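# Breakdown of the fold
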Amino acid sequence: MKNPKDPDWKGLTLEEVQYERAVTLARAEIERHRLSLDMDRARQGNVLLSRATFTKMLGVVSFTDMIVLGVKLWRSISPLFRNRRR
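Residues numbered from 1 in each chain as written. Predicted model: local features only at pLDDT ≥ 70, side-chain atom pairs only at ≥ 80, totals over all residues. Heavy atoms only, no water.

### What to know about the overall build of the protein
- The helix and strand inventory of the protein stands at three helices and zero strands.
- Mapped from its N terminus to its C terminus, the protein presents α and β elements in the order α-α-α.
- For the protein, the proportion of its 86 residues judged to be buried stands at 3%.
- Total accessible area on the protein stands at roughly 8,200 Å², and carbon and sulfur atoms take up 60% of it. (Helix = DSSP H or I, 4+ residues; strand = E, 2+ residues; numbered from the N terminus. Buried < 20%, exposed > 50% of the residue type's maximum accessible area, 1.4 Å probe, protein only. Areas by Shrake-Rupley, 256 points an atom, 1.4 Å probe, with all protein chains shown as cover.)

Structure representation (structure tokens):
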């Protein structure tokens, strides 16, 4: 594949696009398989592997998603604290 920064570069050929797509799909399938294996190990009770899976899952979630989940969690938990003050 040619360098995209080269001024004479005209773009990718159809074969190069198909190749890159196949490589990307293969990588996604491999990661999906690895994740399913990690989840199976976590279900079987291997704590070390379940922590690694949890870390991978957090890596996938964006910072904004974490904030939204935190707010939802706080809204569901905060009434419990209000009832104890009375």
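The structure having been displayed, the exposition proceeds.
### Brief notes about the pattern of salt bridges
- This structure, assessed with the given rule, holds two salt bridges.
- Across the salt bridge formed by arginine 32 and glutamate 29, the nearest N and O atoms sit 2.7 Å from each other. Pair noted here: arginine 32 and glutamate 29 are both in helix α1 (residues 14-43), with a separation of three residues, about one helical turn.
- Taking the relative accessible area as the measure of exposure, arginine 32 reaches 52% and is therefore exposed.
- Judged by relative accessible area, which is 45%, glutamate 29 ranks as partly exposed.
- A salt bridge links arginine 34 to glutamate 31, with the nearest nitrogen and oxygen atoms 3.0 Å apart. (Salt bridge = Lys/Arg side-chain N within 4 Å of Asp/Glu carboxyl O.)

### Here we look at a nonpolar patch on the surface
- Taken together, the side chains of Leu73, Trp74, Ile77, Leu80 and Phe81 make up a nonpolar region of the molecular surface, amounting to roughly 520 Å² of accessible area.
- Here tryptophan 74 shows up in helix α3 (residues 63-85). (Patch = residues over 30% accessible without salt bridge, like charges linked within 9 Å, V, L, I, M, F, W, Y side chains within 5 Å.)

### So, the environment of alanine 42
- Tracing the chain through its elements places alanine 42 in helix α1.
- Residue classification places alanine 42 among the partly exposed positions, given a relative accessible area of 26%.
- Residues alanine 42 and phenylalanine 54, twelve residues apart in the sequence, show an inter-C-alpha distance of 9.5 Å.

### Quick word on α1
- Between its terminal C-alpha atoms α1 stretches 43 Å, which fits the 44 Å expected from 30 residues at 1.5 Å a residue.
- Note on α1: the residue one or two positions beyond its end, glycine 45, has a positive phi of about 105 degrees. (Expected span 1.5 Å × (residues − 1).)

### Some details on the confidence of the model for the protein
- Summary statistics for the protein give a mean pLDDT of 78 and a share of 83% for residues scoring 70 or more.
- Confidence, read as mean pLDDT per element, is least for helix α2 (residues 47-60) in the protein (67) and greatest for α1 (86). (pLDDT = per-residue confidence, 0-100.)

### What to know about the environment of serine 36
- Among the structural elements, serine 36 can be located in helix α1.
- Within the local environment of serine 36, its side chain forms a polar contact with the backbone oxygen of histidine 33, the two atoms lying 2.7 Å apart. (Polar contact = N/O pair within 3.5 Å; in protein donor to acceptor, adjacent residues only side chain to side chain.)

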